[in-house]
Structure formats: C-alpha cells, structure tokens
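Summary of structural features
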Amino acid sequence: MWPEVQTAKEENRRELKLSGSTAQKRFQSNNDQLDEAIFLLKALNLLDINDSPLASISPQIANLENLQSLLLFRNQISAVPAEIGKLSALKVLDLSGNRIETLPEELGQLKSLTTVNLSGNRLKRVDLSGLDRLSVINVSSNLLEEFPLLPEVKANANHIPALSEIILEKNEITEIPDGLQQQLSLKVLNVAGNKIELVPKSLVKCHKLKDINLLGNPLKDKRLKKLVEQCHSKQVLDYIEKNGHVPPKSTAKKSQENDSEASSETTDSPPPVADIRQKLTILKAQDTSLKVTFTAEAKDLRPHLLHCIIRGFSITTMKKFLQLQNDLHDNECGKRELGTIATHDLTKIKGNLLYRADLSDQIEITPLGARGGKITAGKYYEDLRQHAEAIRKEKKRSTFSGIYKFLHLLEGKVFVCFSDDEKVISLPPLTNCEETKISPDTQDMLLEVTSTVSLDQCRRVMSALIKRMLLMDVQITRTASSEGQKKKGPKGKAVVSYDKSKEMTLEQVRLFDADGNFQSVYPGKGDLVFDDGEKIDVEYKD
C-alpha cells in the first residue's frame with residue numbers, strides 16, 4: 001500500500017492528493033498501476049492525482065460514493081468508465097490534459113455536478129444536457145466541431161440552471177447555436193480560436209452575459225472582427241445587438257412568432273410615468289465594526305465566505321422574507337449545493353465572529369426552532385439524517401427529498417461553524433442558531449453566504465439576496481418601449497419600472513486570517529454591479 005494511501009486509511013482522511021514527482025515515483029514502484037487500496041477509502045470527498053502516468057480510471061471508482069471532487073488532470077487517461085456515473089455526490093470533475101476521445105453516457109447521471117473541465121483532450125462530441133446544476137464548463141483545446149449539448153432552461157422548471165461560464169476556445173466549432181439564448185445565467189462565453197463566421201443576434205438575450213471572447217475566428221462581419229480585436233466585451237455585445245446574424249425565416253419562424261407575441265403583450269402597456277430608481281448606500285467598515293476571522297482548517301473544508309450588514313431594514317412580512325430565502329436556496333444556491341444563506345439579528349451577536357472547524361461532538365448550537373436547548377452538531381446532524389431516512393421509507397422513495405437533500409454535504413466527523421464571543425451562531429449548510437434569528441422587530445441584520453464551489457458563486461448569491469431585499473416591497477412592471485420614447489430601449493425591448501423608490505444601507509464586513517492579517521472586505525467597489533436596465537444606483541461612503 002502506498003504511504004499516502006496508508007496514512008489516509010489510518011486517519012480516515014477525506015482528501016488524497018498525489019502529484020508531480022511523488023506521483024511518478026509511486027507509479028514506477030507499482031508497474032505504472034494505481035494502488036487499488038485507494039478505492040477502499042470510503043470517506044474520501046476529494047481525490048487529486050495529476051502529472052502522472054495514470055492511463056485509465058478503474059471501474060472501482062464507483063466505490064468512492066462520497067467523492068465530491070475528482071481531479072485527474074495532466075495524466076495519460078484515454079478512457080472514462082461507465083461506473084463514473086455512480087458518483088452521485090460529485091460536484092467537480094477535472095479530466096483536463098489527458099487523451100480522452102469519448103465520454104460515457106453515464107456521465108449524464110452526475111446530477112450534482114457543478115464544474116466540469118475536459119480541456120486538452122481529443123473529444124469530438126460532448127453531451128452535458130442532463131447536468132442541470134452546471135455552473136462552469138471548460139472543453140477548450142479539443143476537436144469539437146459543434147457546441148456541447150447543454151442543459152435546457154424549461155419554462156416551468158423549479159430549478160433554473162446556474163450555468164455562468166462556457167469556455168470552448170481552440171476547437172473546430174463553426175457556429176454559435178441560436179438556442180444558447182436559453183442559458184439565462186450565462187456571464188462568460190469564450191469561443192476564441194474556432195471557425196465561427198456568424199454571431200447570432202439572439203445571443204444578447206443572455207442578459208447577464210458580460211464577457212465574450214471571439215478572437216481568432218474567421219468572422220464575416222469585418223466591423224465586428226475589428227471590434228473583437230480592439231474593444232471590450234460591452235462594445236462587441238452592443239454591436240451584436242444591432243447587427244448580429246438573424247437566421248432565415250424558415251428556421252427562425254417559430255422563435256420570431258414567440259417574440260412577436262411577447263412584444264404585442266407588452267407594447268400595449270403604458271410607458272413608465274417616471275424614471276424611478278432604487279439606491280444602495282455602502283458604508284465603509286470602521287475600526288469598531290464587526291469583523292470575521294477564519295482558521296485555516298475551516299477554509300480547507302468550506303473555503304468561500306462573505307458577510308455584510310444591512311442597516312435599518314424593515315421586515316414587513318416574515319413569511320414573505322423567509323420565502324425569499326427559500327427561493328434563493330432553491331435556485332441561485334442550487335438546493336444548497338452551490339451555496340448557503342444565513343441571516344442574523346445583528347443586535348444579538350456578541351463581539352466579532354470566528355470561522356472555525358472542530359469535531360462534530362465538540363460544537364454545540366441551539367438550532368433554529370429548537371425547543372430543547374443546545375445540542376452537539378454531530379447529534380443534530382444524526383437526528384436530521386434519521387428523520388430523513390424515516391420519511392424516505394414512509395414515502396417509499398430511493399433518495400432524500402426536500403430540505404434533507406443536502407445532508408450528504410456534511411458527512412464526516414469535522415464540521416465548520418461561525419461563533420461569536422458567547423455561542424455558535426451558524427452551522428453551514430445545516431442551520432442558524434435560535435438566539436440570533438431574525439424577527440419582525442429586526443432592524444440591523446448580518447447576511448452570511450458560504451460555498452464550497454467558488455467565491456464568485458458567493459458573490460452571485462449575495463448580490464441576488466441584496467437585490468431581492470431592496471425590491472421586496474417595490475412593485476415591478478416590465479413594458480416594451482416604442483421607437484418614439486426618449487431614454488428608453490429599442491422597440492420591443494423590455495423596460496423595467498417601479499411604483500416607488502427605496503433606499504437600503506449596507507455596511508462592509510472585513511475578513512482576517514488567524515494571524516490577524518487583513519484578507520478582504522465585502523462589498524468592495526465593483527462587487528455590486530447591476531444592469532443599467534435595473535435602475536439600481538450604488539454609492540460608497542466613508
């Protein structure tokens with residue numbers, strides 16, 4: 001047994017990493033074969049083997065049922081076994097820099113997958129249509145002649161895909177599909193170095209798209225080609241909106257009819273009476289302001305976190321506010337797979353916050369809604385698991401449902417938590433504490449977002465939460481502007497208007513490491529940026 005595997009087994013570790021010269025030595029001592037004892041490490045949630053002679057993935061990979069991150073980049077892998085589809089908890093898959101030519105259909109069974117990196121292989125076709133929780137796709141430097149098949153955005157779906165980045169540079173792709181407009185969360189599109197001649201006008205219907213790279217394509221529109229070479233994404237997208245390619249009517253008739261119907265529904269609506277805008281004021285953190293300190297152990301387990309303070313916020317309806325959080329957990333947070341939100345009454349927090357990791361039986365918390373006082377994190381988790389199992393059996397289901405779907409995120413003996421000077425206030429992603437829960441009397445509130453995926457995911461969730469809170473009691477209408485209206489969009493384009501204005505005040509929260517070194521502050525300048533059409537002004541004050 002390899003020493004690293006032996007140590008992981010004895011200490012019941014959740015991570016195993018082998019790379020570079022160390023990996024080379026281990027393979028040389030084992031006839032270029034992987035130590036199969038690895039597949040007995042059931043506690044693993046991260047397996048990282050890179051820069052090695054590894055030529056294949058054993059079907060025994062299915063034994064690692066708790067695996068969340070599988071990082072096998074820059075090896076010699078030529079095939080992926082169908083058994084990979086049994087890794088139901090897998091969120092991150094990195095097979096970049098290998099020799100893979102085809103992918104098994106079973107890849108579509110990885111319903112928890114949020115990030116996939118297949119760059120630097122020999123793939124000619126990629127089907128990701130069944131993976132509706134994807135956030136980042138990288139299939140650059142392959143042999144693709146067409147776009148990967150992507151998850152559909154269904155009109156009545158409870159979960160809107162969170163796909164925000166598509167990286168497909170250095171392939172043989174000839175066109176951007178008109179259907180890409182369905183990816184409503186798309187922010188980054190990199191198709192540099194392909195064979196694309198026309199860019200569809202429909203691309204601008206991806207309203208969040210801010211970063212597009214078309215360099216190195218044989219674009220027919222010479223003006224567009226020059227803009228791509230010389231200008232930023234905004235100028236390129238503005239040009240595409242006015243001059244992008246529109247498919248022939250025979251192929252675009254249905255979508256045009258739908259657009260026409262949507263336009264006719266809104267064109268008859270009266271134009272906005274006034275250009276009412278909303279305002280966010282950001283106050284700079286002071287020396288006496290609340291700060292958050294993290295330990296290295298906590299950052300290893302759940303590495304991404306953001307906090308900010310809302311001042312003078314009135315909760316008019318508790319039910320409505322709680323529904324807002326639930327909706328964000330279901331959508332932007334991907335059923336808590338991508339991130340978790342917590343809200344606290346700031347007046348009930350004593351001192352500063354510490355983000356730490358500890359054994360589950362050493363963390364005590366009074367869970368939200370609890371009637372029996374404090375309980376260890378391990379006991380709370382086990383009670384939840386048993387309750388979930390009872391419900392599953394009662395309803396004869398094969399998997400957990402509802403709020404219990406995310407229980408697998410905390411399998412293990414070590415949990416992370418936030419604590420003030422007196423108590424644990426949060427146990428992400430499971431619960432907040434009863435002592436700091438918000439109420440209709442809450443005026444000052446601490447917002448918390450954590451994630452295992454990325455800091456950008458935290459920013460997206462926090463930004464959505466702040467925006468929803470700002471517009472909570474504001475009636476929103478969307479109308480289509482007409483050509484004669486000044487300061488409005490082009491004909492048929494939706495224009496947002498509000499029935500009243502509202503201002504919300506935020507205060508920055510600073511983050512420090514365990515040695516007291518300043519790390520970051522949120523929200524900093526550029527963290528809260530809204531589309532012009534949303535009419536939300538952001539002002540920073542010292």
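Definitions and cut-offs
Residues numbered from 1 in each chain as written. Predicted model: local features only at pLDDT ≥ 70, side-chain atom pairs only at ≥ 80, totals over all residues. Heavy atoms only, no water. Helix = DSSP H or I, 4+ residues; strand = E, 2+ residues; numbered from the N terminus. Areas by Shrake-Rupley, 256 points an atom, 1.4 Å probe, with all protein chains shown as cover. 1 Å grid on protein atoms, 1.4 Å probe; cavity = no way out; pocket = protein on both sides within 12 Å on 5 of 7 lines; lining within 4 Å. Points joined across faces, edges and corners; volume = space filled by probe spheres on them. Nonpolar A, V, L, I, M, F, W, Y, C, P; charged D, E, K, R; others polar. Pairing = 2+ DSSP bridges. Axes fitted to C-alpha atoms, helices over the stretch in contact; angles between N-to-C directions. Core = buried A, V, L, I, M, F, W, Y, C linked by side-chain atoms within 4.5 Å. Buried < 20%, exposed > 50% of the residue type's maximum accessible area, 1.4 Å probe, protein only. Contact = heavy atoms within 4.5 Å. Polar contact = N/O pair within 3.5 Å; in protein donor to acceptor, adjacent residues only side chain to side chain. Patch = residues over 30% accessible without salt bridge, like charges linked within 9 Å, V, L, I, M, F, W, Y side chains within 5 Å. Salt bridge = Lys/Arg side-chain N within 4 Å of Asp/Glu carboxyl O. pLDDT = per-residue confidence, 0-100. Parallel < 35°, antiparallel > 145°, perpendicular 65-115°, else oblique. Left-handed = near helix turned anticlockwise from the far one by under 90°.

1. Let's talk about the overall build of the chain
Helix and strand counts for the chain stand at nine helices and 25 strands. Here the chain has roughly 26,800 Å² of accessible surface; of this, 46% comes from carbon and sulfur atoms.

2. Points about empty space enclosed by the protein
Inspection of the entire model under this criterion finds one cavity of 30 Å³ or more. Here the largest cavity defines a volume of roughly 40 Å³. In terms of lining, the largest cavity is formed by L34, F39, L47, I49, L54, S56, I57, S58, I61 and L72. Taken together, the residues that form the lining of the largest cavity break down as eight nonpolar, two polar and no charged.

3. Overview of the sheet that holds strand β5 (residues 115-117)
As summarised here, the arrangement of the nine strands in space is β1-β2-β3-β4-β5-β6-β7-β8-β9, forming an open sheet in which the pairing is parallel. Every interior strand has two partners, whereas the edge strands, β1 (15-19) and β9 (211-213), have only one. Across the sheet, the mean angle separating the axes of adjacent strands is 5° when strand polarity is ignored. Of the pairings in the sheet, the one linking β1 to strand β2 (residues 46-50) comprises five bridges and is parallel in character.

4. As for the nonpolar core
Ranked by size, the top nonpolar core spans 69 residues in total, and within it L47, L70, L189 and L214 carry the most contacts. Elements supplying a minimum of two residues to this core: α1 (3-10), β1, α2 (20-28), β2, α3 (222-230) and α4 (233-243). The element contributing the most residues to this core is α4, with four residues. Ignoring any residue separated from it by four or fewer positions in sequence, one finds L70 in contact with L47, I61, I84, L87, L90, V92, L93 and D94.

5. Here we look at the environment of R13
By secondary structure assignment, the location of R13 is in the loop between α1 and β1. As for R13 and L46, which are separated by 33 residues in sequence, their C-alpha atoms are 9.6 Å apart. If near-sequence neighbours (up to four positions away) are discounted, R13 is found in contact with T7, A8, A43 and L44. At 2.7 Å, the side chain of R13 forms a polar contact with the side chain of E11.

6. Concerning the side chain of H329
Its place among the elements puts H329 in helix α7 (residues 318-330). For H329, the residues in contact, after removing those within four places along its chain, are G334, K335, R336, G339, T340 and I341.

7. Digging into a nonpolar patch on the surface
A contiguous nonpolar patch, built from L301, L359 and V414 and spanning about 200 Å² of accessible area, is present on the exposed surface. Following the sequence through the fold, L301 ends up in helix α6 (residues 296-301).

8. Observations regarding the confidence of the model for the chain
Low pLDDT means the predicted coordinates in that region are not meant to be read closely. For the chain, per-residue confidence averages 83 on the pLDDT scale, and residues scoring 70 or more make up 85% of the total. Of all secondary-structure elements in the chain, the lowest mean pLDDT belongs to helix α5 (residues 249-267), at 47, while strand β11 (residues 291-294) reaches the highest, 96.

9. What to know about unusual backbone geometry
Generally, phi is negative for residues other than glycine and the peptide bonds are trans, each holding for most cases. P429 follows P428 through a cis peptide bond whose omega is 5°. Mapped onto the secondary structure, P429 falls in the loop between β18 (424-427) and β19 (431-432). Cis rather than trans, the peptide bond between Y522 and P523 has omega equal to -5°. Residue placement: P523 occurs in the loop between β24 (518-522) and β25 (536-541). For R74, which is not glycine, the phi torsion reads 55° and is therefore positive. Of note, R74 is situated in the loop between β3 (69-71) and β4 (92-94). Here K170, not a glycine, exhibits a phi torsion of approximately 60°, which is positive.

10. Some words on the packing of α7 against helix α9 (residues 455-470)
Packing of α7 against α9 brings their axes to within 11 Å, and their N-to-C directions diverge by 150°. In terms of orientation, α7 lies roughly antiparallel with respect to α9. Helix-helix and strand crossings are classified by hand; for α7 and α9 the assignment is right-handed. Across the interface between the two elements, F321, L324, D327 and L328 of α7 pack against A464, L465, R468 and M469 of α9. Class assignment for the residues of the contact of α7 with α9 results in six nonpolar, no polar and two charged.

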